[in-house]
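Okay, here's what each chain looks like letter by letter:
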Amino acid sequence: MTRKADGTNTPYGSEIFKVQQHREGRRRVMKGAIVEPAREIPVFDEVDVLVIGGGPAGTAAATSAARLGARTLLVERHNHLGGLATGGLVIWIDRMTDWEGKPVIRGFAEEVLARLPRDAIHGPAAADWGSREPGSVAHWGRRFSAFHGVVTWAPMTDPEWMKQTLATLVREAGAELLLHAWAARPLMEESRVAGAILESKQGRLAIRAKRVVDTTGDGDMFVQAGAAHDEDIDENSIHHCMNVAWLWAGVDMARWFHFAATDPEGHKAFLSEGRARLGLFEPPMASWRDDVCVFMGPRYSGFSAVSLDDLTAVETLSRDKLFEMLAHFRRHAPGFEKAWVMLTAPQMGVRHSRRARGLGGVSAADWKRGHVHADEIGVSPSLTPHFPSVSVPYRALVPAGVDNLLVAGRHIACDASSHGFMREIPQCWMTGQAAGAAAALSLAAGCTPAALDVAALRAALVRQGVHLHEPGAAATRAAE
């Protein structure tokens, strides 16, 4: 593992690769402008809750809102749901247990994983969560389910089964689904979001909605609605880097792990030679089965997730590097002699672009001292056993200055330090479930999301299986 500036480890053993190119060399200069003639846009539908983006947060939001009786439409630009958990090949679902092994990210997240077939998910049994037994820690540490000497619930999943499972949950809840449609901008009525304008094969279309949930990951709706946002990053962390992930098949991960365990010097030499030969080099990660592995691609720094030229550059750099690495692994890595490229991720691996400024937010100052928010809508595992579990406030989902809009997923209101874990898939499921419930409940109550009775929201989330601190409870640290 690679030691970061905050003293924690990256789970991938990878590095941040800063590509030495001038931004000006990658960015086009706009060549004037044109005036688009005014035109009528057909109203495609009118719904109670419109969820924009079908990633982890969006699927949870749509399911939660629909279960509370709101007519809900989920719009996704790709041909599948799941976002980075599926199309981005982020098949490792980060920790959902605290350092004692207690599940803290529950509700929708727990339901999704329970629905997967046995051969589509691989992780430690519940009896092992929280174990500090050295053999168990060593075994699951290789598969990124043990950290700081503790076995955690952080399984690997089959992305195709994940797509199907998420779609099934959304449909079973009664939410409607619209794929292959890109939400281009919010539909505004003064400072109130009243829906969205879509671009599609049918042309430009409008959706009117009483509540909108922005789960685009990049804040496409709240930024264009005029809400303030932040873009600052921790340059020493991987959390602002971009990459394209790959699946390789025909591998023997058991043999690879045996090589790493029994010949540590040979393993170290292999990695050193790879870096010397190729410059940018990644070790493989285990998957849900031993004949498939995932590479999270070289992580490139200095690129913007909202620049067309930068997105294109990272795609090109990543795919060029893929085949260089494949040749090197086939020649030199035990267990990789017959490896072949099964899939390159159809979605870019973006960790960070923009974060909303909410009525409140998740801050390192709060969670380091164990503060439990009165408007808590979820609990996240902390970075290390030195800190208590993290209380996530509802105010982080309500952007300031814009009405009828909620946010969920990696662009919620938080500081750069907290973003490092709040962007992960389980946390996106958590905030999405809360945002969807808040959208439906505020509509039923006839109030804005900002004025919603938080006690009613918390009660609804508990009924949906979400874990919350008891009112007035204090966060506790794990036993050292």
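This text follows the structure it describes.
The structure presented is a predicted model; accordingly, all values stated were derived computationally and were not measured. (Residues numbered from 1 in each chain as written. Predicted model: local features only at pLDDT ≥ 70, side-chain atom pairs only at ≥ 80, totals over all residues. Heavy atoms only, no water.)

Engineer: Can you lay out the sheet that holds strand β17 (residues 285-286) for me, pointing to particular residues and giving the numbers?
Structural biologist: Read across the open sheet, the four strands follow the order β17-β18-β16-β20; overall the sheet is antiparallel. In the strand order of this sheet, the two ends are held by β17 and β20 (340-344), each with one partner. Along the sheet, helix α9 (residues 308-332) makes contact with β16 (246-249), β18 (292-295) and β20, crossing β16 at roughly 25°. (Pairing = 2+ DSSP bridges. Helix = DSSP H or I, 4+ residues; strand = E, 2+ residues; numbered from the N terminus. Contact = heavy atoms within 4.5 Å. Axes fitted to C-alpha atoms, helices over the stretch in contact; angles between N-to-C directions.)

Engineer: Account for the packing of helix α2 (residues 56-67) against helix α12 (residues 425-445), naming residues and giving values.
Structural biologist: Axis separation between α2 and α12 bottoms out at 7 Å; the angle between their running directions is 35°. When you trace α2 past α12, the crossing you get is right-handed. Contacts between α2 and α12 involve P56, A57, T59, A60, A61, S64 and A65 from the former and I425, C428, W429, G432, Q433, G436, A437 and A440 from the latter. Considering only residue class, the contact of α2 with α12 consists of ten nonpolar, five polar and no charged. (Left-handed = near helix turned anticlockwise from the far one by under 90°. Nonpolar A, V, L, I, M, F, W, Y, C, P; charged D, E, K, R; others polar.)

Engineer: Can you explain the nonpolar core? Please cite residues and give values.
Structural biologist: Nonpolar side chains in soluble globular proteins tend to be buried together. With 120 residues, the main nonpolar core has W248, F329, F336 and W429 as its most contacted residues. Looking at this core, the element that brings in the most residues is α12, giving eleven residues. (Core = buried A, V, L, I, M, F, W, Y, C linked by side-chain atoms within 4.5 Å. Buried < 20%, exposed > 50% of the residue type's maximum accessible area, 1.4 Å probe, protein only.)

Engineer: Pulling in residues and values, what's your account of the pattern of salt bridges?
Structural biologist: Per the stated rule, a full pass over the model turns up 28 salt bridges. For R95, the salt bridge is made with D94, and the minimal N-O distance between the two is 3.8 Å. An identical accessibility class is assigned to R95 and D94; each is buried. Taking the shortest distance from any N to any O, the salt bridge between E273 and R277 comes out at 2.7 Å. You can see E273 and its partner R277 sitting in helix α8 (residues 264-278), four residues apart, about one turn around the helix. Residues joined in a network through salt bridges with shared partners are E36, R39, E199 and R204. (Salt bridge = Lys/Arg side-chain N within 4 Å of Asp/Glu carboxyl O.)

Engineer: For the packing of aromatic side chains, give the residues involved together with the corresponding values.
Structural biologist: Taken as a whole, this structure holds 21 aromatic pairs when the rule is applied. Centroid distance W256 to F329: 6.1 Å. Interplanar angle 45°. Geometry classified as tilted. Of this pair, W256 sits in helix α7 (residues 253-262) while F329 sits in helix α9, and the two are 73 residues apart along the sequence. Per residue, the accessibility class of W256 equals that of F329, and both read buried. A centroid spacing of 5.6 Å and a plane angle of 85° characterise the contact between W256 and F336, whose relative ring orientation is edge-to-face. With W256 in helix α7 and F336 in the loop between α9 and β20, the pair connects residues that are 80 residues apart, well separated along the chain. We classify W256 as buried; its relative accessible area is 3%. By relative accessible area, F336 is classed as buried at 0%. Each member of the aromatic cluster is reached from another via a ring pair, and the members are W246, W248, W256, F259, F270, F281, F295, F329 and F336. We note R95 situated over the ring of F147; from NZ or CZ to the ring centre the distance is 5.8 Å. (Phe/Tyr/Trp six-rings, centres within 6.5 Å; stacked < 30°, edge-to-face > 60°. Lys NZ or Arg CZ within 6 Å of the ring centre and 35° of its normal.)

Engineer: Could you give an account of the pairing of strand β13 (residues 203-214), naming the residues involved and the relevant values?
Structural biologist: As paired elements, strand β4 (residues 43-52) and β13 share eight bridges and run parallel to each other. Bridging from a neighbouring strand, V51 pairs with V213 of β13. For strand β12 (residues 192-200) and β13, the ladder comprises six bridges, and the chain directions are antiparallel. Along β13, the bridge assignment pairs S200 with G203. Taken together, β12 and the strand that follows it, β13, pair antiparallel across an intervening segment of two residues. Where β13 lies against strand β25 (residues 405-407), three bridges are found, and the strand directions are parallel. The residue bridging V212 from the neighbouring strand is L405, located in β25.

Engineer: I'd like a description of empty space enclosed by the protein, backed by residues and values.
Structural biologist: Tallied over the full model, the rule gives one cavity of 30 Å³ or more. By volume, the largest cavity is sized at about 50 Å³. Lining the largest cavity we find V104, I105, R106, G378, V379, M430, Q433, V466 and H467. Among the secondary structure elements, those contributing two or more residues to the lining of the largest cavity are β23 (376-380) and α12. When its residues are assigned to classes, the lining of the largest cavity shows five nonpolar, three polar and one charged. (1 Å grid on protein atoms, 1.4 Å probe; cavity = no way out; pocket = protein on both sides within 12 Å on 5 of 7 lines; lining within 4 Å. Points joined across faces, edges and corners; volume = space filled by probe spheres on them.)

Engineer: Describe unusual backbone geometry, and please don't skip the residues or the numbers.
Structural biologist: Even without a glycine there, the phi angle at H148 is positive, about 50°. Mapped onto the elements of the fold, H148 is located in the loop between β7 (146-147) and β8 (150-151). The exposure class of H148 is partly exposed, given its relative accessible area of 39%. Positioned with a positive phi, N404 is a non-glycine residue whose angle comes to about 65°. By the element assignment, N404 lies in the loop between β24 (390-393) and β25. The buried category is assigned to N404, whose relative accessible area is 7%.

Engineer: Explain the environment of R255 residue by residue, including any values.
Structural biologist: Take R255: it is sitting in helix α7. For the pair R255 and F336, spaced 81 residues apart in sequence, the C-alpha to C-alpha distance is 9.1 Å. Among residues more than four places away in sequence, those in contact with R255 are P334, G335 and E337.

Engineer: Describe the side chain of N243, listing the residues and the values that go with them.
Structural biologist: Residue position: N243 is located in strand β15 (residues 242-243). Here the side chain of N243 touches R351 through a polar contact of 2.6 Å, side chain to side chain. When residues no more than four places from it in sequence are discounted, the contact partners of N243 are M296, G297, P298, R299, V314, S318, M348, G349 and R351. (Polar contact = N/O pair within 3.5 Å; in protein donor to acceptor, adjacent residues only side chain to side chain.)

Engineer: Kindly report on α2, identifying the contributing residues and their values.
Structural biologist: Structurally, the α-helix is built with 3.6 residues per turn, so residues lying three or four positions apart point the same way. Taking 1.5 Å per residue, twelve residues should reach 16 Å; α2 reaches 17 Å between its end C-alpha atoms and fits that length. Of all the twelve residues making up α2, eleven are buried; the element is thus mostly covered by neighbouring parts of the structure. All buried positions along α2 are accounted for by P56, A57, G58, T59, A60, A61, A62, T63, S64, A65 and A66. Once α2 ends, the next one or two residues include G69, with phi positive near 95°. (Expected span 1.5 Å × (residues − 1).)

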